[in-house]
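Coordinate analysis (summary)
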Number of protein chains: 2
Amino acid sequence: MLKRDYIFDTIKRIFRLYGYNPIETPAMENLPTLIGKYGEEGDRLLFKILDSGDFLSGISDDELSAREQNRLALKLCSKGLRYDLTVPFARYVVQHRNEITFPFKRYQIQPVWRADRPQKGRYREFFQCDADVIGSDSLLNEYELIRIADDIFARLGIATVIKINNRKVLSGLAGFIGEADRLTDITIAIDKIDKRGLDDVKEELLSKGISGSAVEKLEPVLKLAGNTGRKLDELERILSGQKTGMKGIEELRTLFDYVGGAPLWSDVEFDLTLARGLNYYTGAIIEVKARDVAIGSIGGGGRYDNLTGVFGLEGISGVGISFGADRIYDVLEQLNLFGNVSSSGTQVLILNFGQNETAYALKIFDLLKKSEIRSELYPDPVKLKKQMAYADSNKIPVVVMAGVEEIKNNQVTVKIMSTGEQSSMSSGDFESFVANDLKEKI
Amino acid sequence: MLKRDYIFDTIKRIFRLYGYNPIETPAMENLPTLIGKYGEEGDRLLFKILDSGDFLSGISDDELSAREQNRLALKLCSKGLRYDLTVPFARYVVQHRNEITFPFKRYQIQPVWRADRPQKGRYREFFQCDADVIGSDSLLNEYELIRIADDIFARLGIATVIKINNRKVLSGLAGFIGEADRLTDITIAIDKIDKRGLDDVKEELLSKGISGSAVEKLEPVLKLAGNTGRKLDELERILSGQKTGMKGIEELRTLFDYVGGAPLWSDVEFDLTLARGLNYYTGAIIEVKARDVAIGSIGGGGRYDNLTGVFGLEGISGVGISFGADRIYDVLEQLNLFGNVSSSGTQVLILNFGQNETAYALKIFDLLKKSEIRSELYPDPVKLKKQMAYADSNKIPVVVMAGVEEIKNNQVTVKIMSTGEQSSMSSGDFESFVANDLKEKI
């Protein structure tokens, strides 16, 4: 939890640094807002909320006994739990269009729910961290999102590669090989080239009915090598007859011009095979990968030209990026990058010697609180051994003792748990110990 | 959102300062965990999740057509959304009993859901902020929770009264007036004395069937005046024959002894009429009220001796406190105590003069980011008037301009929005302006 808070806090701080403001939307959306937005699979994975009160009203006996589950579900339930943050955001923008000043920059960090079978790396409830700009088609927005990703991973210390592609270039490519209407199949196939290799991809393309000559034309493009500038030059030559493709290359050039002048922590590179499986991107496609951990993407996004259209607000272009807190967590853990984040636990335990010693212990308690030391007075006067075990099991680094002897001499005994070192001091010395030396021990 | 974050951050910081660790539980609990824990009304207000997949399997046609909604709901739904944080916490403790070191101190800040009709001050989704200690019956825990409440409201600057009562004293009182088995009715009635006055309370007691002589015996007790010490003395005399009542008084004395020695911001007082309507408290009852706003309680809690018993873990005593973030928000707003919290928006807007000026603007952007100034470069090269309107509507205090002229002279123009004051400076001077003077303007 503390570690996860550290990730959220870092992401939030960067989002704010770039002028994004937080919004939150309710966990429940009207079911019609959600249905049909995530494909058939998505509809199946939506959690639906049984209407409260008389949930059978409006359902006839015939309808009940027909047992058509999909239809019945929509009659039994008028709300569902949000499945991602993008659709609720689009709904929010349409609903508040008259109060919003465009361009509108918002971030949102909230859980989403999916009725997936729980398995490693997949949870039924997990957090998404999204930032979007809506109402501006300037490529400076894409650049800003790349900067945001870069800043976040620089702060977290994760070495990253940010891969960039453009949907228009993929369209141009499909046109160039004479299969313009097969863009989806083509992108789905070439998306896998990293994992499965060129031969597998070619096979998949053929099996999907892409012509042999088209696959042949595609092969040299997929083999393009060299740095981003060189790849773009070659591609420009290849796509010179494709209007949309050339527009995509122009956009990539502008974006990489911005990137080239920036003081970046990450490598940013053009990746023609990047498609992110998602069909709603219309321009830039962005993906962030950790360099030193094989875990898939830890962030990604892109430009979508008509997100709010489905809710009746046409012609608003947006671009967004989303970070996966759970995967980032795993990466930080694997690379041992949490540092001393987890040490925001209790710093000092004051032992409890009994009712007669409590007033004295409470003075120590007050002193520690005043100095903002995270501290506890053990509540029960049980055996000291048990109290020490509590300090151990909660990894509390310093234990303070004040029994009859100490109180008589107006002293305090301090024990440093890591070394076992123990020393008694006057309460005056203890005060200056708290003010000065204690911070080094905790 | 930023204001709410400020409340959460303050509460979290104090919880941690007192050695409480965060836990989170999933939004969904198994429905049997929730059903029957909040009374009939609560069962009705639980949000139930329709089982995914074949939700009608296991329901016969006869059962369907019988239309017994309560029974059907339990067959259609095996999960529900959490209704409070206490029951999921109890479930959590029982489930993890073997990994937990007692005393176990946790805090939890998460939303809960209730199918209430939405109305002012009541939401279907709202946050609770709970801290509990479980596995220790020392009164130092109660004292600590009072300190936590006091610290939180001191940081927030809200003048508060913390009221304390003890369920055992109420039991003693019921015994003293000869109506020991009517404790619930009695506490519900006297809880209202603040709002409705003594006469109304007496009437309610009589209408509930409490005898006239019992009400007569109760009256002088309800009229007890003076400070906490004096009230306890009188009460001790009155309850001298009541064993449970005397135990309650002893507990109150110990607690007020601790409180008396503490450097507190709030007033802490004994309030015999405090019952909090809740029947599961067995010892201390705590309520926090804002002194200067009539809004009901902004925090409350108490000792419960058998929270986990219902889940099969008997004999674990706990004590907890819960803060209502929404009400605290309203109080801070009404008392104008948010200060400059809401000003965590963008501090500097760089105007966009067009493609040719972008590289220069991006250098300014980099400089501001390096200095952790929350800043934006307006993404589109639209009319300056529109860009200035964006700064206005987003309350951005400083606008930076670098058009053809500035770039030619290697200058930057800075406009302070509040005064309209505008000045041009060399980029060198701008750098030192950012490092030194800018922070005063934002």
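Since the model is a prediction, treat every value here as computed from it, not as a measurement.

Let's talk about the sheet that holds strand 12 (residues 348–350) of chain A
Residues and elements named next belong to chain A. The sheet built from five strands is open, its strands ordered 13-12-14-15-16 with mixed pairing. At either end of the open sheet lies a strand with only one pairing partner, and these are strand 13 (375–377) and strand 16 (422–426). Strand-to-strand, the axes of this sheet are offset by a mean angle of 20°, without reference to chain direction. Sheet topology note: the strand 12/strand 13 ladder contains three bridges and is parallel. Its bridge partner being in strand 13, Ile350 is matched across the sheet by Leu377. Of the strands in this sheet, strand 12, strand 13, strand 14 (398–401) and strand 15 (411–416) are in contact with helix 17 (residues 384–393), which crosses strand 12 at around 165°. Sheet strands in contact with helix 19 (residues 427–441) are strand 12, strand 14, strand 15 and strand 16, and its direction is about 135° off that of strand 16.

Some remarks on the interface of chain A and chain B
Of the residues lining the interface, 83 residues belong to chain A; the matching set on chain B comes to 83 residues. When the two sides are added together, the surface that chain A and chain B hide from each other amounts to roughly 6,700 Å², 56% of it contributed by carbon and sulfur. It is A:Leu17, A:Arg67 and A:Gln69 in chain A that bury the most area against chain B; as a group they hold 9% of the surface buried on that side. Joining chain A to chain B, the criterion identifies 14 salt bridges. Between B:Asp5 and A:Lys12 there is a salt bridge; the shortest N-O distance is 3.5 Å. Inspection of the chain A/chain B interface yields 41 residue pairs in polar contact (both at pLDDT 80 or more). Take the side of chain A that touches chain B: its biggest share by element is seven residues, from helix 16 (residues 355–370) of chain A. Considering only residue class, the side of chain A that touches chain B consists of 38 nonpolar, 21 polar and 24 charged. For strand 3 (residues 48–50) of chain A and strand 3 (residues 48–50) of chain B, the ladder comprises three bridges, and the chain directions are antiparallel. In the strand pairing of strand 3 of chain B, A:Ile49 is matched with B:Ile49.

Considerations on the pattern of salt bridges
Pairs can form between side chains of opposite charge once their charged atoms are near each other. Residues and elements named next belong to chain A. This model, assessed by the stated rule, comprises 64 salt bridges over all chains. A salt bridge links Arg71 to Glu63; the nearest nitrogen and oxygen atoms lie 3.7 Å apart. Residue Glu63 is classed as partly exposed on the basis of its relative accessible area of 22%. Close ionic contact of Glu251 with Lys247 constitutes a salt bridge, the shortest N to O distance being 3.5 Å. Taken together, the residues span about one helical turn, with Glu251 and Lys247 both in helix 14 (residues 243–260) at a distance of four residues. Since its relative accessible area comes to 10%, Glu251 is described here as buried. Judged by relative accessible area, which is 39%, Lys247 ranks as partly exposed. In the salt-bridge network here, residues are joined through shared partners; they are Lys192, Arg196, Asp200, Glu204 and Lys208.

Brief notes about the domain arrangement of chain A
Once the domains are mapped, chain A shows domain 1 (2–24 + 83–334) and domain 2 (348–441). Computed over C-alpha atoms only, the centres of domain 1 of chain A and domain 2 of chain A are separated by 53 Å.

Details of the relation of the copies chain A and chain B
Between chain A and chain B, the superposition needs a rotation of 180° and an axial shift of 0.0 Å, giving an RMSD of 0.1 Å. Seen this way, the second copy is the image of the first under a two-fold rotation axis. Within chain A, the C-alpha atom positioned nearest to the axis of rotation is that of A:Ile49, 2.3 Å from it. Most of the interface of chain A is mirrored in chain B: 99% of its interface residues are interface residues there too.

Quick word on the packing of aromatic side chains
Scanning the entire structure with this criterion turns up 27 aromatic pairs over all chains. Centroid distance B:Tyr38 to B:Tyr83: 4.2 Å. Interplanar angle 40°. Geometry classified as tilted. Linking B:Tyr38 in the loop between helix 2 (31–34) and helix 3 (39–45) with B:Tyr83 in the loop between strand 4 (77–81) and helix 6 (86–95), this pair joins segments that are 45 residues apart in sequence. For the pair shown, B:Tyr38 and B:Tyr83 are each scored as buried. An aromatic cluster is defined as three or more aromatic residues linked by ring pairs; in this entry it consists of A:Phe15, A:Tyr107, A:Phe153 and A:Phe323. The lysine or arginine in question, B:Arg106, covers the ring of B:Phe89, its NZ or CZ lying 3.9 Å from the ring centre. Its end group placed over the ring of B:Tyr83, B:Arg114 keeps NZ or CZ at 4.1 Å from the ring centre.

Section: helix 9 (residues 183–190) of chain A
Residue and element names in this part refer to chain A. Buried residues of helix 9: Leu183, Ile186, Thr187, Ala189 and Ile190, and no others. For helix 9, the arc enclosing every buried residue in end-on projection is 160°, short of the 170-degree limit, so these residues lie on one face. Its buried side turned inward, helix 9 meets helix 8 (167–176), helix 10 (193–196), helix 11 (198–207) and helix 12 (212–222).

Thresholds applied
Residues numbered from 1 in each chain as written. Chains lettered and ligands numbered in written order. Predicted model: local features only at pLDDT ≥ 70, side-chain atom pairs only at ≥ 80, totals over all residues. Heavy atoms only, no water. Pairing = 2+ DSSP bridges. Helix = DSSP H or I, 4+ residues; strand = E, 2+ residues; numbered from the N terminus. Axes fitted to C-alpha atoms, helices over the stretch in contact; angles between N-to-C directions. Contact = heavy atoms within 4.5 Å. Buried area = accessible area lost by both parts, 1.4 Å probe. Salt bridge = Lys/Arg side-chain N within 4 Å of Asp/Glu carboxyl O. Polar contact = N/O pair within 3.5 Å; in protein donor to acceptor, adjacent residues only side chain to side chain. Nonpolar A, V, L, I, M, F, W, Y, C, P; charged D, E, K, R; others polar. Buried < 20%, exposed > 50% of the residue type's maximum accessible area, 1.4 Å probe, protein only. Domains from an automatic or database assignment. Least-squares fit on C-alpha atoms with pLDDT ≥ 70 in both. Phe/Tyr/Trp six-rings, centres within 6.5 Å; stacked < 30°, edge-to-face > 60°. Lys NZ or Arg CZ within 6 Å of the ring centre and 35° of its normal. Arc of directions from axis to C-beta.

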